[in-house]
Amino acid sequence: MHFRLTVRGVVFSALFAALLVVMSYASIHIPGSPVPITLENMAVMLAGAILGPWYGFFSMLLVLVLTALGLPLLHNSGGMGVILGPSGGYIWMWPICALVVGLFTHAIATRTGGSRPPHRIVALLGLFAVVEVCGSWLDYILAIPWLMHTLHLTLAKAMVVGCYPYLPGDTLKAAATAVIARAVYSVYPPQRLIHGAAAQVAVLDTPDA
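Please read these numbers as outputs of a predicted model, since none were measured by experiment. (Residues numbered from 1 in each chain as written. Predicted model: local features only at pLDDT ≥ 70, side-chain atom pairs only at ≥ 80, totals over all residues. Heavy atoms only, no water.)

Peer 1: Go over helix H3 (residues 53-68), please, and point to the residues and values.
Peer 2: Between the first and last C-alpha of H3 there are 22 Å, a value that for 16 residues agrees with the 22 Å anticipated at 1.5 Å per step. Within H3, the full set of buried residues consists of Pro53, Tyr55, Gly56, Ser59, Met60, Val63, Leu64 and Thr67. Two residues or fewer after H3 comes glycine 70, characterised by a positive phi angle close to 115°. (Helix = DSSP H or I, 4+ residues; strand = E, 2+ residues; numbered from the N terminus. Expected span 1.5 Å × (residues − 1). Buried < 20%, exposed > 50% of the residue type's maximum accessible area, 1.4 Å probe, protein only.)

Here it is, written out as structure tokens:
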């Protein structure tokens, strides 16, 4: 399989990384929980759904690395204290979530491209399901154990302070992401970002699955 690195793709990756930084400022702190309600994971969902797996991964990895290096990108904070803090598990999973969201949403976009209402509904529901599971629930796989480790919580307590309160909001963000992604696909097919030969910088050979 060939992954074509393009100027356009790198620029879009930087833009989505910047989008996450902006969305991090929209936060609500829940009493008793170290994890605020934010729009950050919606930026992760959008990056994977619109940029695709590899550029989505790259855009979120960019945020992770720059934050670790000390740039105040998340809630005007940065450094290893943020990366290794109680909410660090969520942050570490962002590149993986974007990667998995991109893999499945682009498969849906290419296989349900019909314009008739049934096709549009199936595509929208498929996008929503993928974004909800891979962009939201997947994040908790590492986030909850890390909360348990850093705050010395039981699994039940970690779920109460780090998962349950956020699920309704995650569902709304997944639904909004699916609607936005579907609208983007109708005018900007996912393949255009990867196969823009005129904007190509390099072709990286990766082993076939």
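Peer 1: Just give me the short version of unusual backbone geometry, but keep the residues and values in it.
Peer 2: At asparagine 76, a position not held by glycine, the phi torsion is positive, near 65°. Take asparagine 76: it is sitting in the loop between H3 and helix H4 (80-83). Of note, histidine 152 is a non-glycine position whose phi angle comes to about 55°, a positive value.

Peer 1: Give a detailed account of the pattern of salt bridges, specifying residues and quantitative values.
Peer 2: As a working rule, side chains carrying opposite charge can pair if their charged atoms are close by. Going through the model one piece at a time under the given rule, you end up with one salt bridge. With its nearest N and O atoms 3.5 Å apart, the salt bridge here joins aspartate 170 to lysine 173. Linking aspartate 170 with lysine 173, this pair stays in helix H9 (residues 167-187), spanning three residues, or about one helical turn. (Salt bridge = Lys/Arg side-chain N within 4 Å of Asp/Glu carboxyl O.)

Peer 1: Give me helix H8 (residues 155-162): which residues, what numbers.
Peer 2: For H8, the full list of buried residues reads Ala158, Val161 and Gly162. For H8, the angular spread of the buried residues around the axis is 80°, confining them to a single face. (Arc of directions from axis to C-beta.)

Peer 1: Mind laying out the side chain of lysine 173, listing which residues take part and the relevant values?
Peer 2: For lysine 173, a relative accessible area of 10% gives the class buried. Aside from chain neighbours lying at most four places away, what touches lysine 173 is Thr38, Leu39, Asn41, Met42 and Met45. (Contact = heavy atoms within 4.5 Å.)

Peer 1: Give me the packing of aromatic side chains: which residues, what numbers.
Peer 2: For the coordinates displayed, the defined rule picks out two aromatic pairs. Measuring from centroid to centroid gives 6.0 Å for tyrosine 90 and tyrosine 140, while their planes differ by 85°, and the two rings are edge-to-face. A residue pair is termed long-range when its members are at least 10 positions apart, and tyrosine 90 in helix H5 (residues 88-111) and tyrosine 140 in helix H7 (residues 140-151) qualify at 50 residues. Per residue, the accessibility class of tyrosine 90 equals that of tyrosine 140, and both read buried. Between tryptophan 92 and tryptophan 146, the ring centres sit 4.6 Å apart and the planes meet at 55°, which makes this aromatic pair tilted. With tryptophan 92 in helix H5 and tryptophan 146 in helix H7, this residue pair connects regions lying 54 residues apart in the sequence. (Phe/Tyr/Trp six-rings, centres within 6.5 Å; stacked < 30°, edge-to-face > 60°.)

Peer 1: Which residues make up a nonpolar patch on the surface, and what are the values?
Peer 2: Together, Leu61, Val65, Leu69 and Leu71 make up a nonpolar patch on the protein surface, roughly 340 Å² of accessible area in all. Within the fold, leucine 61 resides in helix H3. (Patch = residues over 30% accessible without salt bridge, like charges linked within 9 Å, V, L, I, M, F, W, Y side chains within 5 Å. Areas by Shrake-Rupley, 256 points an atom, 1.4 Å probe, with all protein chains shown as cover.)

Peer 1: Just give me the short version of the packing of H7 against H8, but keep the residues and values in it.
Peer 2: As a packed pair, H7 and H8 sit with axes 9 Å apart at the nearest point and diverge in direction by 115°. At the point where H7 passes H8, the crossing takes the right-handed sense. Across the interface between the two elements, Tyr140, Ile144, Leu147 and Met148 from H7 touch Leu155, Ala158, Met159 and Gly162 from H8. Its residues assigned to classes, the contact of H7 with H8 shows seven nonpolar, one polar and no charged. (Axes fitted to C-alpha atoms, helices over the stretch in contact; angles between N-to-C directions. Left-handed = near helix turned anticlockwise from the far one by under 90°. Nonpolar A, V, L, I, M, F, W, Y, C, P; charged D, E, K, R; others polar.)

Peer 1: Which residues make up the environment of isoleucine 28, and what are the values?
Peer 2: As for its position among the elements, isoleucine 28 is in strand S2 (residues 27-28). Judged by relative accessible area, isoleucine 28 falls into the exposed class, the value being 54%. Note: C-alpha distance between isoleucine 28 and threonine 38 (ten residues apart in sequence) is 6.5 Å. Not counting chain neighbours up to four residues away, the residues in contact with isoleucine 28 comprise Pro36 and Ile37.

Without other data, these values stay purely geometric and don't point to any function.
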